[in-house]
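Examination of the molecular architecture
Chain residues, written in single-letter form:
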Amino acid sequence: MSQKDHSHVWRDLSTDWLTWADRLAPQAGKINTHLIDALQLPGLSSVHKDRGLRVLDLASGVGEPAFGIAKMLAADVSGERPDIDNPVKAASETGLRGHVVASDIVPGMCDGLAARAQADGIGNLDVVVADMAALPFGAQTFDAISCRFGIMFCQNPDQALGETYRVLAPAGRAAFMLWAPMAHNPLFVAMEAVLRAEIGIGFDGAGLNLFGFADPQSSIARMKKVGFTDISLATHAPVGRIPAKAAFWRPQMEMLFGPYLRNAGANKSFAIDAAMGAELSQHIEDAHFRVPMCFHILSGCRGS
């Protein structure tokens, strides 16, 4: 996460992110494939076979997609690779290798990330506390840069785009996962309505600008302005299938509004869950929630 003047928002949420990290990893891995594919790592790897790839992940939170990319690049010089049971295993079999730097503005996030990486045996990953709007890296350092639901939270996202371009090597590629408009994300529509009604706070009040890159044309224009070329934007709208009795909104809600929910107390928590279930009941089919999530993958290249 990154937001210079509101980093306390994410500092206060570090515990909530760590609480849900392992349980959400399989789901995160599924959608991360779209972001990782946009980096075009196999093509970059063919250019840098001598040294392996250098990848930077921005706003890493507590690990994704930095972990998935690091595992893809874990082949050593002898060609040995770990037996990875995740959606990117097929990519690892191409012989990709390299190193990942995971970064976040919140020290607590970075501490949790480093501990999780060590527990998972990920050796080709470093963790750096960094504000993406003022990156502590030299120009043209990285071959690829990823950012999953992070850049929209910056105090100055256009400056962060410029910094991304600055530290990207010639012919390198950057990819961003961004929320599409709220209207295309029923979970967030319900969350905004319920939390405003129950505890008097919504996304704006909590300092959360989820939809700052929701408009495709303006997002592409912002990439062009800082120098990116070969820009592409793809929209994805996967639909999950979750038992209707499951409070599936809890992880996302706690990772965005954790301190407010704790202050509200247990009774209010029950009321919030009941209201969320009612708001989302229109998406129940065959005793399962079928709620779409909609996001963009925006990517671009630094010319050689």
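Residues numbered from 1 in each chain as written. Predicted model: local features only at pLDDT ≥ 70, side-chain atom pairs only at ≥ 80, totals over all residues. Heavy atoms only, no water.

Considerations on the environment of Pro181
For Pro181, the location among the structural elements is in the loop between β5 (168-179) and α8 (186-199). Taking the C-alpha atoms as reference points, Pro181 and Phe295, separated by 114 residues in sequence, lie 8.3 Å from one another. If we skip the residues at most four places from it in the chain, Pro181 touches Phe211, Ala214 and His296. (Helix = DSSP H or I, 4+ residues; strand = E, 2+ residues; numbered from the N terminus. Contact = heavy atoms within 4.5 Å.)

A short note on the sheet that holds strand β1 (residues 53-58)
With mixed pairing, the seven strands of this open sheet are ordered in space as β3-β2-β1-β4-β5-β10-β6. At either margin of the open sheet sits one strand with a lone partner, and together these are β3 (125-129) and β6 (229-236). Averaged over neighbouring strand pairs, the angle between their axes works out to 15° when direction is ignored. Of the strand pairs in this sheet, β1 and strand β4 (residues 142-148) are connected by four bridges, and their pairing is parallel. Across the sheet, the residue bridging to Leu56 is Ile145, located in β4. Contacts from helix α9 (residues 216-226) reach β5, β6 and β10 (295-301) within the one sheet, and its direction differs from that of β10 by about 20°. (Pairing = 2+ DSSP bridges. Axes fitted to C-alpha atoms, helices over the stretch in contact; angles between N-to-C directions.)

A short note on the confidence of the model for the protein chain
Per-residue confidence for the protein chain gives a mean pLDDT of 87, with 85% of residues at or over 70. This stretch, residues 1-5, has a pLDDT under 50; its non-local contacts, to residues over four places away or in other chains, come to 27 contacts. (pLDDT = per-residue confidence, 0-100.)

A short note on the nonpolar core
Counting residues in hydrophobic clusters, the biggest one holds 82 residues, and the most contacted among them are Leu41, Leu125, Ile151, Met191, Phe257 and Met276. The dominant element in this core, judged by the number of residues it contributes, is β5, at seven residues. Contacts of Leu125, omitting those with residues within four sequence positions, involve Ala66, Phe67, Ala70, His99, Val100, Ala102, Leu113 and Ala117. (Core = buried A, V, L, I, M, F, W, Y, C linked by side-chain atoms within 4.5 Å. Buried < 20%, exposed > 50% of the residue type's maximum accessible area, 1.4 Å probe, protein only.)

Comments concerning the pairing of strand β2 (residues 98-104)
Of all seven residues making up β2, six are buried, and the element is well covered by its neighbours. For the crossover from β2 across helix α6 (residues 107-119) to β3, the handedness is right-handed. (Right-handed = clockwise from strand over helix to strand, strands pointing away.)

Some remarks on the side chain of Arg173
Within the fold, Arg173 resides in strand β5. The class of Arg173 is buried, set by a relative accessible area of 4%. Reaching out from Arg173, the side chain makes a polar contact with the side chain of Ser299 at a distance of 3.1 Å. (Polar contact = N/O pair within 3.5 Å; in protein donor to acceptor, adjacent residues only side chain to side chain.)

Points about the packing of helix α7 (residues 157-167) against α9
The interhelical angle for the contact between α7 and α9, taken along N-to-C directions, is 50°, at an axis separation of 9 Å. On the basis of their axis angle, the class for α7 and α9 is oblique. Here the hand of the crossing between α7 and α9 comes out right-handed. Residues Pro157, Asp158, Leu161, Gly162 and Tyr165 of α7 form the contact with α9, whose own contacting residues are Arg222, Met223 and Val226. Within the contact of α7 with α9, the residues separate by chemical class into five nonpolar, one polar and two charged. (Parallel < 35°, antiparallel > 145°, perpendicular 65-115°, else oblique. Left-handed = near helix turned anticlockwise from the far one by under 90°. Nonpolar A, V, L, I, M, F, W, Y, C, P; charged D, E, K, R; others polar.)

Remarks on the pattern of salt bridges
On inspection of all chains with the given rule, the structure shows nine salt bridges. Among the salt bridges present, the one from Asp120 reaches Lys71, with a minimum N-O distance of 2.8 Å. Separated by 49 residues along the polypeptide, Asp120 in the loop between α6 and β3 and Lys71 in helix α4 (residues 66-72) bring together distant segments of the chain. Note on Lys71: relative accessible area 22%, which makes it partly exposed. In this structure, the salt-bridge partner of Arg173 is Asp230, at a minimum N-O distance of 3.1 Å. (Salt bridge = Lys/Arg side-chain N within 4 Å of Asp/Glu carboxyl O.)

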